[in-house]
Amino acid sequence: MTSLLSSLNEMQKEAVLDFNNPLLVLAGAGSGKTRVITSKIAYAIKEMNYSPYRILAVTFTNKAAKEMRERINSMIPDENIAGLEMRTFHSFGAYVLRRYGSKIGLNDSFTIYDDEDSLNLLCNAFPDEKKGDLREYMKQISKAKDKGYNSSSAELNGLAYHMQGFRTYFAAYENALRKSGCVDFADLIIRTTELLEQNDDVREYFQQRFKLILVDEYQDTNASQFKLLKCLVGKDTQLVVVGDDDQSIYKFRGAEIKNILSFEYYYPNTRIIKLEENYRSTKNILRVASSVIKNNKERHDKTIFTNNESGELPELISSIDADEEALKVRMLISRLPNYKSVAILYRTNAQSREFETVLSCFRIPYEVVGALRFYEREEIKDALALFSIILNPHDRISFLRIINKPARGIGKAALEQILSYSDHLIDSLEFAIKDNKLSGKAKSGATAFLDMYKKGCELLNNNCVLKDFAVFMLDSSGLKKLYEDEKDETIRRGRLENLSSLVNALEKIAPGREGLISFLESITLDRTTLGSDDEENEDSVKLMTMHNTKGLEFDTVFVTGLEDGIMPSVREGSEIDDVEEERRLFYVAVTRAKKKLFLTFASKRMLWGSWNSQKPSRFLKEIPKSFYKGEIETANASYTNHFAFEPRRSNITNTPSWAQNIVKTPTKTKSSEVKVVKNVNYEVGDRVISPNYGRGEIISKEIKNGKTVIRVRFEKGNVALFNTMYANLTKVE
Ligand SMILES: Nc1ncnc2c1ncn2[C@@H]1O[C@H](COP(=O)(O)OP(=O)(O)OP(=O)(O)O)[C@@H](O)[C@H]1O
Ligand SMILES: [Mg+2]
């Protein structure tokens, strides 16, 4: 017993040992909130004899859920914790709806629509309207749903939904979604709540089952999630939530700080526990974080201190542009003992490109976390649509996506015929064929599709191994052939490789219908690259957006792109609220660092295809100068002595000469004095060879502020930017 408590401070122990009151643990970053959750679960199971089955823990990401489960396993290795529910709100919703959804008219094999599917559904309901306009409506609909409203909610009037006919669009979308037998992300919460509210037996079952419900990152729950939570808390359920109002960064998705404040109102005997000691970061890192966050007006003033050492001073790195920023970051990374606990953080995914180019050039292993989502790729969405329709013949968006892909002669007129029968799209297809409503070509295409559907269902019902099922579907639908016939070799190879990893991923999944349902669910809810969990390279630099870093920690952190307009991603004169939210995001990013923090800034940045002069982030100016090393250097920043560092790893053989040139530049050399390596006249359309990337073609050329930048698409598929001054590219015929 003592061992479970011995690694906790007094206040953490209080939170772990109190099994009587609702608890609200309100504390700053790195103060051990998540540790309280894992320790309390372990303690409840080991010392209080709670069955794991009676505990529900809600985390913010599936990755966090997995890590916490592992952590608990290692704390109480002798206990079997398989029954413990450790999920995100969304995955918990899916879990409930799969089991009891029939009570509100949902089939157990419903599919989950992502944002793109939802937009397509709306476009489908309003075929004459522009997608761009409908996207705005869709955004507002999602927002309203996150607040827990539906198309008839009175609250819509009082909100800023001034868009013409908003309710009509909202209602049409709801209707289409119900007909499709699918749910969107917001529904996973709303419909679960609806189910629990309407069905006393199900609600009572959960209320009696869960004796302990714990919620991590509580500051980012939205109104509808809070409502769901309230439905789950029975009279003997203890509710424990932990959060930090300074880290609330999802207001745009409806998260409400209000939930923290109203917690006590709903649970009057709440005990509030504050943790004040930070165990993660050095003193120097913490004071940078505090100096910025204290400028937020809307916050609970918190004391946070650390007994950790002062550590090194954070460093500010100024660069001329994003390419140089990436090179400098890479140089600094090369000096570290390993890549395992290093993160490069940026505000938007688009900023990863320069880092990826440089890291791959220098053979530094890296992993982009949570970006380019595998399941959002065209070929993968096609394959998933094919699988979905087998599970759910009402799924209109999936049906429309693949009924004529590859071309089966089912044009607009044929489709109209098919859709006119029923919402069960496979029945409709069958009727249209039987009634002779389709032309010769459309008829044979439809018949082939129907045969494939029937065989696919049969395979699933016979508990077929999913890999075989997928191979059958991809072959007999003609989807694989479609991509094999792709003319562009790079695109072809990429698509086929992706389809192949999809098939491989299915190898690990349980066979048959059940397996496929859970696979489709995990791929939609996980929102991470497929297979990344297993293939995660331990010794690799992690690249991710600041939003994706919640709850994580790294020895070394680079917080990059600290320029107004990027971070904060708001312009002069923006709402104070928006700036405050960005400031919290900055606070989250900085407090991920345990030992060393770098803050980077570039004077110029290519935005939307043109060069912009960048101003240092207002957050940088909020940090007293004595708190960090380095200076904000704006225009024509000099190459500082970071470039004098020798790479740590001797296996870096492939340093491109454009980079070597910079690396060898003596300290304090002004950029304008850097020698021109080559002065070749590159033009769009020129074919070139790079020693690192191979053959490619110049696809764009821009001159801004006296600097010529070309973009080259290489045969291997990557696109890289080169400053012509340093580009080591040989023109070829
Ligand atoms: N009492 C303690 N003694 C020593 N280390 C601790 C203690 N409590 C937590 N830690 C360590 O401090 C670090 C931060 O803890 P944890 O991740 O639980 O903080 P948190 O409050 O959840 O942070 P965040 O707000 O970023 O989610 C972890 O490495 C954790 O293992
Ligand atoms: Mg945490």
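Since the structure is predicted, the reported quantities are computational estimates derived from the model, not experimental observations. (Residues numbered from 1 in each chain as written. Chains lettered and ligands numbered in written order. Predicted model: local features only at pLDDT ≥ 70, side-chain atom pairs only at ≥ 80, totals over all residues.)

> Help me understand the site of ligand 1 in this model?
The environment of ligand 1 is formed by 18 residues, the closest being Gly32, Lys33, Thr34, Arg35 and Tyr279. The element contributing the most residues to the shell around ligand 1 is helix 3 (residues 33-47), with three residues. Residues that form the shell around ligand 1 fall into these classes: four nonpolar, nine polar and five charged. (Near = placed C-beta within 6 Å. Helix = DSSP H or I, 4+ residues; strand = E, 2+ residues; numbered from the N terminus. Nonpolar A, V, L, I, M, F, W, Y, C, P; charged D, E, K, R; others polar.)

> Help me understand the pairing of strand 20 (residues 719-723) in this model?
Within a regular strand, the side chains alternate between the two sheet faces. Of the two faces of strand 20, only the one carrying Ala720 and Phe722 is buried; Val719, Leu721 and Asn723 on the other face are not. Pairing between strand 19 (residues 707-714) and strand 20: five bridges, direction antiparallel. When the bridges of strand 20 are listed, isoleucine 710 appears paired with phenylalanine 722. (Buried ≥ 20, exposed ≤ 12 C-beta atoms within 10 Å, placed from the backbone. Pairing = 2+ DSSP bridges.)

> Explain the UniProt feature "binding site: ATP" (unreviewed entry) in the protein here, please?
Per the UniProt entry, the sites bearing "binding site: ATP" (unreviewed entry) are Ala27, Gly28, Ala29, Gly30, Ser31, Gly32, Lys33 and Thr34 in this numbering. Exposure remark for alanine 29: the 22 C-beta atoms within 10 Å place this residue in the buried category. Residue contacts for alanine 29: discarding those within four places in its chain leaves Asp244, Gln247, Asn278 and Thr591. (UniProt positions renumbered as here; feature names shortened; annotations may be inferred. Contact = placed C-beta atoms within 7 Å.)

> In this structure, what is going on with the sheet that holds strand 7 (residues 238-243)? I would like to understand it.
For sheets, the rule is that strands pair by backbone hydrogen bonds, running either parallel or antiparallel. The parallel open sheet is built from six strands, whose spatial order is 3-2-6-7-1-8. Two strands lie at the open edges of the sheet, namely strand 3 (85-88) and strand 8 (271-275), each paired on one side alone. For this sheet the average axis-to-axis angle between neighbouring strands, irrespective of direction, equals 15°. Of the pairings in the sheet, the one linking strand 2 (residues 55-59) to strand 3 comprises four bridges and is parallel in character. By the bridge assignment for strand 3, alanine 57 is matched with methionine 86. Strands strand 2 and strand 3 of the sheet are contacted by helix 5 (residues 89-100), whose axis makes an angle of about 115° with strand 3. (Axes fitted to C-alpha atoms, helices over the stretch in contact; angles between N-to-C directions.)

> How should I be thinking about unusual backbone geometry in this particular structure?
Note: most peptide bonds trans; most residues except glycine with negative phi. Backbone torsion omega between lysine 405 and proline 406 reads 0°, so that peptide bond is classified as cis. Structurally, proline 406 is set in the loop between helix 18 (396-402) and helix 19 (412-419). Here methionine 567 and proline 568 are connected by a cis peptide whose omega angle stands at 10°. Following the sequence through the fold, proline 568 ends up in the loop between strand 13 (554-559) and helix 27 (576-590). One non-glycine residue, glutamate 217, lies in positive phi territory at about 50°. Relative to the assigned elements, glutamate 217 resides in the loop between strand 6 (212-215) and helix 12 (223-232). Its identity is not glycine, yet asparagine 463 carries a phi of approximately 55°, on the positive side. Tracing the chain through its elements places asparagine 463 in the loop between helix 21 (440-461) and helix 22 (466-477). Taking the C-beta count within 10 Å as the criterion, asparagine 463 has 14 such neighbours and is therefore assigned partly exposed.

> Explain the packing of helix 10 (residues 185-198) against helix 12 to me, please; I cannot follow it from the model alone.
Two measures define how a pair of helices packs: the angle their axes make with one another and the distance between the axes. With their axes 9 Å apart at the nearest point, helix 10 and helix 12 run at an angle of 30° to one another. The chirality of how helix 10 crosses helix 12 is left-handed. Across from Ala186, Ile189, Ile190, Thr192, Thr193, Leu196 and Glu197 in helix 10, the residues of helix 12 making contact are Ser224, Gln225, Lys227, Leu228 and Cys231. Looking at the contact of helix 10 with helix 12 residue by residue, the classes come out as six nonpolar, four polar and two charged. (Left-handed = near helix turned anticlockwise from the far one by under 90°.)

> Just checking my understanding: could you explain the packing of helix 3 against helix 4 (residues 62-75) for this structure?
One way to put it is that helix 3 packs onto helix 4 with a least axis distance of 9 Å and a crossing angle of 45°. With respect to helix 4, the element helix 3 is oriented oblique. Pair helix 3 / helix 4 crosses with right-handed handedness. Residue-level inspection shows Thr38, Ile41 and Ala42 of helix 3 in contact with helix 4, the latter providing Met68, Arg71, Ile72 and Met75. Among the residues forming the contact of helix 3 with helix 4, the class breakdown is five nonpolar, one polar and one charged. (Parallel < 35°, antiparallel > 145°, perpendicular 65-115°, else oblique.)

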